[in-house]
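Here are the chains, one letter per residue:
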Amino acid sequence: MIPFWPVDSSGVSVGAIRFALPKQGRPISIAGYRTAARRVLPDLVWAYVENGADDSVTLAANRSAFARWSLRQRVLRSSAGRKTAARFGDTELAIPVMIAPTGINGLVHWRGELATACGAAAAGSRIVLSTAASYSVEEVAAASPVGHWLQVYPWRDRELMDWLLERGRRSDCPTLVVTVDTPVFGNREPERLQGMSIPPVLTPRHVLDAALHPRWAYKVLRHQRVFTGNLVGMSGVRAGALAAKVRRERMMAGELDWDDFARVRAQWQGLCYVKGILDADDAERAVSLGADGIIVSNHGGRQLDGAPATLDALPGIADRLAHRATVLIDGGIRRGTDVVKALCLGADGCLIGRPALYGLAVGGESGVEHVLSILREEIDRTLALMGCSDIADLGRDWLIPG
C-alpha cells in the first residue's frame, strides 16, 4: 500500500515524493500573455492588435529571423554582477527595452496609455507615446512619474506640427520619434474584414462578440477612450474619431520627402530619432539631416508586406552608421534571447509593441510592468548562461549562424 500524506493547496505527496501543483496566477511568458489577451479581447480588437498587412509575410519574417541565429555559450566564466541597464541620450533604463508607439491603447484597456506609461516606468523603462494615442501627451505626463518620448509623423501642416511639438516640450518629452514609413496605410486585410476603422464599424456580430467579453465591453464603453486624444478635443467619441480620421487622411500623403523630416528636425531642440528605416542609405540620410538615432522598423509587418525582417536589416544599418547614432530595433521580439541577439547584431536597444498590448489587455498597468519584468529576467538569465556579464560586451562573436 502506498502511504498518502495530507494534501494542501501547494502540492501533494506520494510516498516520499512531493509534487507541486501548478499555481493559478498571471502568465510567466510573453506567449502566456498572448494567450490570455486573446481570451480577453473581442475579435475586432484582436484583429487590430495581432495582424499584419496583406499576407502577413513580413509579420512572420520578423519572428523567424531570430531562429536563424544561435547564441554562443561559454562556461566557467564568472558572470556575477550582470549589467542590463542602458542609456539612450538622457533616458536611463533598467533594460535596453522600451515600448514602441501603438495607437488607441484605450481600445485594448480603458486606461490605455496611462497604464502603459505607468507600467513601463515601474519596470524602469519608458514608452514612445503615439500621436494616435487615446490619451493626450499632457494626460500621460500628469499620470507618469517620468518623462516619455513622443512620436509624430512628418506632416506638412506646420500649424499642427508646431502645436504638437510645443506640447511635447511642455510635457518634458526628452526625445522625439519621427515615423517615416507611413506615406499611406498598409493593406491590413484582417482589420478590414473585421470592420476595424476609426471609428470602428459595429455590426450585430461585433455587438454579440463584445457581449461575450463583458468586462472589456463595460470598461471601454463606460470610459470611451477610443479616439486619438492628441489630435482632437474631448468632444465625444464619434465626433472626435471622425475628425481625427479626416485630418490624418488629409496629411498622410505619398508626396512626403526628406525635406519634411528636415523641417520637423529644425523645429525640435531635443534628441530626435527616425523610425521606419530598413535601408542603410536611408539611415545615412537621416543622420546627415540631424537624426540622433535610428529605429529599424517595418511597422510590425503592418505596412509593406514583403519588406525584410528588421533583424535581417539591422546589421547593414549598424555597420553603415558605425556608432555615429543610436540604433534601436522593433519587430518580432518575444523573448529576452531575442533582445540579446539584436544587441549582438548591432542594436543599442529594442522596442516592443504587441507584447506590451498583451500585458495591457490582461492586467492593465501591472500587466505591462510584468511583461517588461519577464524580459528583464530572461535577459539576465541569458547572459548568465552565455557566460557574459554585461550587455555592453555583446557583439557578433557571441552569435553562431543557424
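One can find the structure itself at the top, above this paragraph.
Residues numbered from 1 in each chain as written. Predicted model: local features only at pLDDT ≥ 70, side-chain atom pairs only at ≥ 80, totals over all residues. Heavy atoms only, no water.

Novice: Would you mind going over the overall build of the chain with me for this structure?
Specialist: Scanning the chain from terminus to terminus reveals 15 helices and 14 strands. Buried positions account for 55% of the 402 residues belonging to the chain. Summed over all atoms, the accessible surface of the chain reaches about 18,000 Å², with 54% contributed by carbon and sulfur. (Helix = DSSP H or I, 4+ residues; strand = E, 2+ residues; numbered from the N terminus. Buried < 20%, exposed > 50% of the residue type's maximum accessible area, 1.4 Å probe, protein only. Areas by Shrake-Rupley, 256 points an atom, 1.4 Å probe, with all protein chains shown as cover.)

Novice: I'm lost on the side chain of Q303 in this one. Help?
Specialist: With respect to the element layout, Q303 can be found in the loop between strand 11 (293-296) and helix 13 (310-321). Residue Q303 is classed as buried on the basis of its relative accessible area of 10%. Only 3.1 Å separates the side chain of Q303 from the backbone oxygen of D181, close enough to count as a polar contact. Within polar-contact distance, the side chain of Q303 engages the backbone nitrogen of G186 at 2.9 Å. Apart from the residues lying within four places of it in its own chain, the contact partners of Q303 are A53, D181, T182, V184, F185, G186, R188 and N298. (Polar contact = N/O pair within 3.5 Å; in protein donor to acceptor, adjacent residues only side chain to side chain. Contact = heavy atoms within 4.5 Å.)

Novice: Whenever I open this one, the sheet that holds strand 8 (residues 149-152) confuses me. Can you help?
Specialist: Strand pairing in a sheet takes place through backbone hydrogen bonds and is either antiparallel or parallel in direction. Read across the sheet, eight strands follow the order 6-13-12-11-10-9-8-7 without closing on themselves; strand pairing throughout is parallel. In this open sheet, the two edge strands, each paired with only one partner strand, are strand 6 (97-99) and strand 7 (128-129). (Pairing = 2+ DSSP bridges.)

Novice: What exactly am I supposed to notice about the nonpolar core here?
Specialist: Where a protein is soluble and globular, its nonpolar side chains tend to be buried together. Of all hydrophobic cores here, the largest spans 92 residues; its most connected members are L176, I294, L314, I317, I352 and L394. The element best represented in this core is helix 15 (residues 354-386), accounting for 13 residues. Sequence-distant contacts of L314, defined by excluding residues within four places in its chain, comprise V296, V327, I329, A342, L345, G346 and A347. (Core = buried A, V, L, I, M, F, W, Y, C linked by side-chain atoms within 4.5 Å.)

Novice: Teacher, can you tell me more about the pattern of salt bridges here?
Specialist: Where charged atoms from two side chains of opposite charge come close, those side chains can pair. All told, the structure shown has 20 salt bridges when counted by the stated rule. For R34, the salt bridge is made with E50, and the minimal N-O distance between the two is 2.8 Å. In this pair, R34 sits in helix 1 (residues 30-40) while E50 sits in helix 2 (residues 43-50), placing the two residues 16 residues apart along the sequence. Among the salt bridges present, the one from R320 reaches D281, with a minimum N-O distance of 3.0 Å. Note that R320 is positioned in helix 13 and D281 in helix 12 (residues 280-288), a separation of 39 residues in sequence. The class of D281 is partly exposed, set by a relative accessible area of 47%. (Salt bridge = Lys/Arg side-chain N within 4 Å of Asp/Glu carboxyl O.)

Novice: I would appreciate a short explanation of the pairing of strand 9 (residues 175-179) in the present structure.
Specialist: Consecutive side chains along a regular strand alternate between the two faces of the sheet. Summarising burial for strand 9: five of the five residues are buried, a large majority. The alternating pattern of strand 9 places T175, V177 and T179 and L176 and V178 on opposite faces, both of which are buried. Pairing between strand 8 and strand 9: three bridges, direction parallel. The partner of V152 across the bridge, within strand 9, is V178. The handedness of the strand 8 to strand 9 crossover, carried by helix 6 (residues 158-170), is right-handed. Pairing between strand 9 and strand 10 (residues 271-277): five bridges, direction parallel. (Right-handed = clockwise from strand over helix to strand, strands pointing away.)

Novice: Honestly, the packing of aromatic side chains in this entry has me stumped. Any pointers?
Specialist: For any pair of aromatic rings, the description rests on two quantities: the centre-to-centre distance and the angle between the ring planes. Applying the stated criterion across every chain, the model contains four aromatic pairs. Ring geometry for W46 and Y358: centres 6.0 Å apart, planes at 25°, overall stacked. On the criterion of sequence distance, the pair formed by W46 in helix 2 and Y358 in helix 15 is long-range, its members being 312 residues apart. Here W46 and Y358 have matching classes, each one buried. Where W149 meets Y273, the ring centres are 5.0 Å apart and the plane angle is 55°; that geometry is what we call tilted. With W149 in strand 8 and Y273 in strand 10, this pair connects stretches of sequence that are 124 residues apart. Here W149 matches Y273 in class, with each residue buried. (Phe/Tyr/Trp six-rings, centres within 6.5 Å; stacked < 30°, edge-to-face > 60°.)

Distances and angles like these do not, on their own, reveal function.
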